[in-house]
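Residues per chain are reported as follows:
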Amino acid sequence: MQKEPSVSIIIANHNYGRYLSECIKSVLAQRYQNIEIYISDNDSSDMSWEVINSFDKKFPGKFSIAKNNRNKGAQFNYRTWFSQISSDYRITLTSDDILDENYVKRSVELLEKHRECAFLITHQSSIAENGTSSTPKHFFN
């Protein structure tokens, strides 16, 4: 039996504690099992670190977490984990992103089917704070 390809999901956060819980829940709800979850906080001054720690306590060993001692910028925030990752695939999220429960499974299926592809770009929908959803016009086919 062949092992599922491994997927690392990196969540970068800076002062988005109000969205972070939903982002993490959407990653935990994935129907794909072979996932590693990394969270890097860029010295947030809101309740973000408390949110991260509450998930880390609720799901021991499920997350690798880091908090930068100062805001080092978005790219550094992602790079916090890049050298630690040896998975087959990597997904980068910001803390206001929410994944459909089949996102990782479908992405891996497509990348495995089309091995000539180096990366995958997907369409997105936006959810406003009032709960309404919108899908912008796709910029690619």
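As a convention, each chain's residues are numbered from 1 in the sequence order in which they are written. The model is predicted, so local features are restricted to residues of pLDDT at least 70 and side-chain atom pairs to those at 80 or more, both for listing and for counting; the totals for chains, interfaces and linings are taken over all residues. Water and hydrogen atoms were dropped before computing side-chain values, which therefore reflect all heavy atoms in the structure.

**So, the environment of Val27**
Note the threshold: Secondary structure is summarised from DSSP: a helix means a run of H or I of at least four residues, a strand means a run of E of at least two, and numbering begins at the N terminus for each. Should any heavy atoms of two residues lie within 4.5 Å, those residues are considered in contact.
As for its position among the elements, Val27 is in helix H1 (residues 17-28). Between the alpha carbons of Val27 and Gly73 there is a distance of 23 Å; along the sequence they are 46 residues apart. Once you skip the residues sitting within four places of it in the chain, Val27 turns out to touch Ile9, Ile11, Ile37, Leu93 and Leu99.

**Looking at the packing of H1 against helix H2 (residues 48-58)**
Put simply, the rule reads: Simply put, an axis is a line fit to the C-alpha atoms, just over the touching stretch for a helix, and the angle between two N-to-C directions goes from 0 to 180 degrees. Each angle is binned into one of four classes, with values under 35 degrees roughly parallel, values over 145 roughly antiparallel, values of 65 to 115 roughly perpendicular, and all other values oblique. Less than a right angle of anticlockwise turn of the near helix away from the far helix marks a crossing as left-handed, whereas a clockwise turn marks it as right-handed. Just so you know the grouping, Ala, Val, Leu, Ile, Met, Phe, Trp, Tyr, Cys and Pro go in nonpolar, Asp, Glu, Lys and Arg go in charged, and all remaining residues, Gly too, go in polar.
Orientation of H1 relative to H2, taken along the N-to-C sense of each, is 25 degrees, at an axis distance of 8 Å. Classed by the angle they form, the pair H1 and H2 counts as roughly parallel. Crossing geometry of H1 relative to H2 is assigned as right-handed. Between H1, through Gly17, Leu20, Ser21, Ile24, Lys25 and Leu28, and H2, the contact on the second element is made entirely by Ser48, Val51, Ile52 and Phe55. For the contact of H1 with H2, the class distribution of residues is 6 nonpolar, 3 polar and 1 charged.

**Observations concerning the environment of Glu112**
Selection criterion: Here a polar contact means two N or O atoms within 3.5 Å. Within protein one must be a hydrogen donor candidate and the other an acceptor candidate, and residues neighboring in sequence count only if both atoms are side-chain atoms.
Looking at where Glu112 falls in the secondary structure, it is placed in helix H4 (residues 103-113). Linking Glu112 and Ile39, residues 73 residues apart in sequence, is a C-alpha distance of 26 Å. Among the polar contacts listed, one links the side chain of Glu112 to the side chain of Arg115, at a separation of 2.6 Å.

**A short note on unusual backbone geometry**
Working note: non-glycine residues mostly have negative phi, and peptide bonds are mostly trans. Despite not being glycine, Asn15 shows a phi value in the positive range, around 55 degrees. Tracing the chain through its elements places Asn15 in the loop between strand E1 (7-13) and H1.

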